[in-house]
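Okay, here's what each chain looks like letter by letter:
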Amino acid sequence: MTTIFEKITDINEPKAKLAIKKAADIIKNGGLAVFPTETVYGLGGNALDGDAARKIYAAKGRPSDNPLIIHISLPEEAEAYCHTNEYFYRLASAFMPGPLTVILPKKDIIPLSVTGGLDTVAVRCPSHPVARALIEAAGLPIAAPSANLSGKPSPTCAAYVAEDMNGRVDMIIDGGDCEIGLESTIISLDGGVATLLRPGAITSDALECVCESVKIAPAVLELLGENERPLSPGMKYRHYAPTAPFVLLDGDSEAQLEFLKSAVKNENCAILCYDEELPELEGDKLIAIGSRKDLSRQAKTLFTALRDADKLGADKIYGHLPPKEGLGLALYNRMIRAAAHTILKV
Ligand code: TXA
Ligand code: MG
């Protein structure tokens, strides 16, 4: 398959409108188009078409029991696809459009192939102008997982989308770097209980302001054992993993820096370090992910850094275990998966 590439820098330009119409037509006709969102790039197809969902799973190499998120342009549209409740509208008025996905009991119009056979569906109303314009132009809900090959870090720039998806999808829209860089927060409201399934830029504290109490699913903080069944099927798969072993350092910051200083001298390692550490380390495989205190910057750079680190030919990659508070929880959740829970106490 030949993939069409279009770049959008200004949504108001006539050529941007043409590109969005082209992508919308592809999706209406059962094809696949990759588009930017504020979190990560999405691999979009018609969420009402079971065949489009099967094409998405094939393009990603994703197990078909791992359900897709459907993207809508206004929260009210959710009524047509799932059974909403009061908490949905409270969350919608606080956080939509934005990086939040809500899980609710599905209506029959959503094919089971989209939800991996589950009787619930994940809905999200993205804020990125290109994503919103595309959903409106298609006049359909768009099913879209992250636009990476299964197991790889989600792409936050078009170059990494192309690396995974060139030749596997009909079209890729390059909308520049994604602002947040980690996938949306997922909260389940199924059964009337609010449960955080995947942490993201909307933090659990922010959700608690709206939902009173929010349970944190065990899979958020741990990797589950072989036979355990997570609430979110995606949590059982190894994710975001670089090819070289990835080791997370835990301990006070001085001790971590001392460890890294000696590792760069003695091992062929790449390091995902803080900006402040760069002048102290002398290796040629250093990737600064942001200032120690700037979790937003770290979120934005993490997935690209993991992919970049893999290209350096290192035998091992070191990083720092993030704090579990605020946006740190989202970083923590992604990094323990990328590291398959290899944590070294120094
Ligand atoms: O930011 C995002 O959410 C991005 C952009 C493109 O919108 N999308 C994304 O989709 O991250 P994906 O497919 O890579 O991750 C969706 C996660 C999976 O772990 C899946 O298991 C879970 O959501 N999920 C989807 N529907 C679910 C459901 N009905 N019940 C439980 N988990 C569900
Ligand atoms: Mg994904």
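Rules of the game
Residues numbered from 1 in each chain as written. Chains lettered and ligands numbered in written order. Predicted model: local features only at pLDDT ≥ 70, side-chain atom pairs only at ≥ 80, totals over all residues. Heavy atoms only, no water. Helix = DSSP H or I, 4+ residues; strand = E, 2+ residues; numbered from the N terminus. Rg over C-alpha atoms; globule rule 2.2 N^0.38 Å. Contact = heavy atoms within 4.5 Å. Buried < 20%, exposed > 50% of the residue type's maximum accessible area, 1.4 Å probe, protein only. Polar contact = N/O pair within 3.5 Å; in protein donor to acceptor, adjacent residues only side chain to side chain. Pairing = 2+ DSSP bridges. Axes fitted to C-alpha atoms, helices over the stretch in contact; angles between N-to-C directions. Phe/Tyr/Trp six-rings, centres within 6.5 Å; stacked < 30°, edge-to-face > 60°. Salt bridge = Lys/Arg side-chain N within 4 Å of Asp/Glu carboxyl O. Parallel < 35°, antiparallel > 145°, perpendicular 65-115°, else oblique. Left-handed = near helix turned anticlockwise from the far one by under 90°. Nonpolar A, V, L, I, M, F, W, Y, C, P; charged D, E, K, R; others polar.

Asker: Where do I start with the overall build of the protein in this structure?
Answerer: Scanning the protein from terminus to terminus reveals nine helices and 16 strands. At 20 Å, the protein has a C-alpha radius of gyration in line with the 20 Å of a compact globule built from 346 residues. Its C-alpha atoms put the protein at 60 × 45 × 35 Å along the principal axes. Expressed as a percentage of contacts within the protein between residues at least 6 apart in sequence, the contacts between residues at least 24 apart total 67%.

Asker: Help me out: how do you make sense of helix H2 (residues 50-60) in this one?
Answerer: Side chains of residues three or four places apart in an α-helix project in the same direction, reflecting 3.6 residues per turn. By the burial criterion, the buried members of H2 are Gly 50, Ala 52, Ala 53, Ile 56, Tyr 57, Ala 59 and Lys 60. Buried-residue contacts for H2 involve strand S3 (42-46), strand S7 (142-143) and helix H5 (158-165). Sitting at the head of H2, Asp 49 places a side-chain oxygen 2.9 Å from the backbone nitrogen of Asp 51. In the stretch just after H2, Gly 61 is the one whose phi turns positive, near 70°.

Asker: Please explain the sheet that holds strand S5 (residues 100-105) as it appears in this structure.
Answerer: Note: strands within a sheet are paired through backbone hydrogen bonds, in either parallel or antiparallel orientation. In space, the 11 strands of this open sheet follow the order S1-S8-S2-S3-S7-S4-S6-S5-S9-S10-S11, with mixed pairing throughout. Looking at the sheet topology across the chains shown, the edges are occupied by strand S1 (4-7) and strand S11 (215-216). The sheet strands contacting helix H3 (residues 86-95) are S5, strand S6 (120-124) and strand S9 (185-188), and the helix crosses S5 at an angle near 165°. Contacting S5, S9, strand S10 (195-198) and S11, helix H6 (residues 204-211) runs over the sheet at an angle of about 35° to S9.

Asker: I'm lost on the packing of aromatic side chains in this one. Help?
Answerer: A ring pair, where both rings are aromatic, is described by two values, the distance of the centres and the angle of the planes. The full count for this structure, using the stated rule, is two aromatic pairs. Ring centres of Phe 88 and Tyr 89 lie 5.1 Å apart, and the angle between their planes is 85°; this geometry places the pair in the edge-to-face category. On the basis of an interplanar angle of 80° and a centroid distance of 5.2 Å, the ring pair of Phe 259 and Tyr 318 is categorised as edge-to-face. Residue Phe 259 is located in helix H7 (residues 253-266), and its partner Tyr 318 is located in strand S15 (residues 316-320); the two are separated by 59 residues in the primary sequence. Note on Phe 259: relative accessible area 23%, which makes it partly exposed.

Asker: Quick question: what am I supposed to make of the side chain of Glu 38 here?
Answerer: Relative to the helices and strands, Glu 38 resides in the loop between strand S2 (33-35) and S3. Taking relative accessible area as the criterion, Glu 38 reaches 4% and is therefore assigned buried. Here the side chain of Glu 38 touches His 128 through a polar contact of 3.3 Å, landing on its backbone nitrogen. Residue contacts for Glu 38: discarding those within four places in its chain leaves Gly 98, Pro 99, Arg 124, Pro 126, Ser 127, His 128, Cys 178, Glu 179, Ile 180 and Gly 181.

Asker: Looking at this structure, I do not really get unusual backbone geometry. What am I missing?
Answerer: Excluding glycine, residues mostly carry a negative phi; peptide bonds, for their part, are mostly trans. Each neighbour pair has its own omega, and for Met 96 with Pro 97 the value is -5°, a cis peptide bond. Secondary-structure assignment places Pro 97 in the loop between H3 and S5.

Asker: So what exactly am I meant to see when it comes to the pattern of salt bridges here?
Answerer: Where charged atoms from two side chains of opposite charge come close, those side chains can pair. The full count for this structure, using the stated rule, is 19 salt bridges. When the shortest N-O distance is used, the salt bridge between Glu 86 and Arg 90 registers 2.6 Å. Taken together, the residues Glu 86 and Arg 90, both in helix H3 and four residues apart, mark about one turn of the helix. A residue is classified by how much of its surface remains accessible, and Glu 86, at 52% relative accessible area, is exposed. By relative accessible area, Arg 90 is classed as partly exposed at 28%.

Asker: Looking at this structure, how should I read the packing of helix H8 (residues 295-310) against helix H9 (residues 328-338)?
Answerer: Think of two packed helices as two axes; the pair is described by the angle between the axes and how far apart they sit. Relative to each other, H8 and H9 sit at 20°, their axes nearing to 10 Å. In terms of their interaxial angle, H8 and H9 are classed as roughly parallel. Crossing angle aside, the handedness with which H8 passes H9 is left-handed. Packed against H8, whose contacting residues are Leu 295, Gln 298, Ala 299, Leu 302, Phe 303 and Leu 306, the element H9 presents Gly 328, Leu 331, Arg 334, Met 335 and Ala 338 at the interface. Of the residues contributing to the contact of H8 with H9, the split by class is eight nonpolar, two polar and one charged.

Asker: I would appreciate a short explanation of the pairing of S10 in the present structure.
Answerer: Consecutive residues of a regular strand have side chains that alternate between opposite faces of the sheet. Sheet analysis places S9 next to S10, joined by three bridges and oriented antiparallel. Residue pairing in the sheet places Ile 187 in a bridge with Leu 196 of S10. Remark: six residues form the turn of the hairpin made by S9 and S10, two consecutive strands paired antiparallel; Gly 191 in that turn has positive phi of roughly 75°. With two bridges joining them, S10 and S11 adopt parallel strand pairing.

Asker: Could you clarify how one ought to interpret the packing of H5 against H8 in this entry?
Answerer: In contact at an axis separation of 11 Å, H5 and H8 are set at 55° when each is read in the N-to-C sense. Classed by the angle they form, the pair H5 and H8 counts as oblique. Of the two possible hands of crossing, H5 and H8 adopt the one that is left-handed. Side by side, H5 and H8 meet where Tyr 160, Glu 163 and Asp 164 of the first sit next to Thr 304, Arg 307 and Asp 308 of the second. A per-class count over the contact of H5 with H8 returns one nonpolar, one polar and four charged.

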